[in-house]
Amino acid sequence: MTSDDALSGPVAGGPAPAAPEPFPSLLAAARAVAERAYAPYSGYRVGAAALADDGRTVAGCNVENAGYGVTLCAECGLISDLVAGGGGRITHFVCVNGPGEVIMPCGRCRQLLAEHAAAGFTILTPAGTRDLEGLLPQSFAAADIDAGRDR
């Protein structure tokens, strides 16, 4: 795959959106880590990559388990990589399936990403780039916990 293919590669459900910087390198990282996914049960490999606010690229892949409820999504591995590498916030994010198509995170993972998103967070989706509100409208956050505590 050439670097041009990373920009024009497939997306689930249609033609590829334009991929502005830093997405070409994040797409390459997500596609590479998807190759390492452990998906013996579903056969559905996922890779995720993000740019941290300190410039690091963090990545993760899905890891299935015979006890399906303990399967780890690619985004879980990515957030573990972020935290284990010193923490920080995610500024840009993309995830892909095994063939390298841009896909959307599941609802649980959208919440996980929202917890670690930087101001100005941008995700590459099959329909182009979106901000955090476009990823998870009215997300539940730490402020909601504080506001809802019994006093």
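Residues numbered from 1 in each chain as written. Predicted model: local features only at pLDDT ≥ 70, side-chain atom pairs only at ≥ 80, totals over all residues. Heavy atoms only, no water.

## Focus: helix α2 (residues 23-34)
Phase 1: The first and last C-alpha atoms of α2 sit 16 Å apart over twelve residues, in line with the 16 Å expected at 1.5 Å per residue.
Phase 2: Burial in α2 covers these residues: Phe23, Pro24, Leu26, Leu27, Ala30, Arg31, Val33 and Ala34. (Helix = DSSP H or I, 4+ residues; strand = E, 2+ residues; numbered from the N terminus. Expected span 1.5 Å × (residues − 1). Buried < 20%, exposed > 50% of the residue type's maximum accessible area, 1.4 Å probe, protein only.)

## Points about the pairing of strand β5 (residues 117-125)
Phase 1: With seven of its nine residues buried, β5 lies for the most part within the structure.
Phase 2: The sheet contact formed by strand β3 (residues 90-97) and β5 spans three bridges and is parallel. Counted as the bridge partner of His92 is Thr122 from β5. (Pairing = 2+ DSSP bridges.)

## Comments concerning the nonpolar core
Phase 1: Core analysis: the biggest nonpolar cluster contains 20 residues, and Leu78, Ile90, Phe93 and Phe121 have the highest contact counts within it.
Phase 2: The set of elements that each furnish at least two residues to this core consists of β1 (46-52), α3 (74-84), β3, α4 (107-115) and β5.
Phase 3: Listed in part, the eleven residues of the second largest apolar core include Ala34, Leu51, Val94 and Leu124. (Core = buried A, V, L, I, M, F, W, Y, C linked by side-chain atoms within 4.5 Å.)

## Quick word on α3
Phase 1: Turning to α3, its buried residues are Ala74, Glu75, Cys76, Leu78, Ile79 and Leu82.
Phase 2: Looking one or two residues beyond α3, the residue adopting positive phi is Gly86, at roughly 120 degrees.

## A closer look at the pairing of β3
Phase 1: Of all the eight residues making up β3, eight are buried; the element is thus mostly covered by neighbouring parts of the structure.
Phase 2: When β1 meets β3, the two strands line up antiparallel, connected through seven bridges. Paired with Ala48 across the strands is Cys95, a residue of β3.
Phase 3: Here two bridges tie β3 to strand β4 (residues 102-103), and the two strands are oriented antiparallel to one another. Counterpart to Cys95 in the pairing with β4 is Ile103.

## A closer look at the pattern of salt bridges
Phase 1: Going through the model one piece at a time under the given rule, you end up with three salt bridges.
Phase 2: Across the salt bridge formed by Asp146 and Arg149, the nearest N and O atoms sit 3.2 Å from each other.
Phase 3: Under the relative-accessibility criterion, Asp146 is labelled partly exposed at 42%. (Salt bridge = Lys/Arg side-chain N within 4 Å of Asp/Glu carboxyl O.)

## Some points on the UniProt feature "binding site: substrate" (unreviewed entry) in the protein chain
Phase 1: UniProt's feature table lists "binding site: substrate" (unreviewed entry) at Asn62, Val63, Glu64, Asn65, Ala66, Gly67 and Tyr68, given in the numbering used throughout.
Phase 2: Within the secondary structure, Val63 is located in the loop between β2 (57-61) and α3.
Phase 3: Residues in contact with Val63, not counting those within four places in the same chain, are Tyr38, Thr71 and Leu72.
Phase 4: With respect to the helices and strands, Gly67 occurs in the loop between β2 and α3.
Phase 5: You can call Gly67 partly exposed: its relative accessible area is 35%. (UniProt positions renumbered as here; feature names shortened; annotations may be inferred. Contact = heavy atoms within 4.5 Å.)

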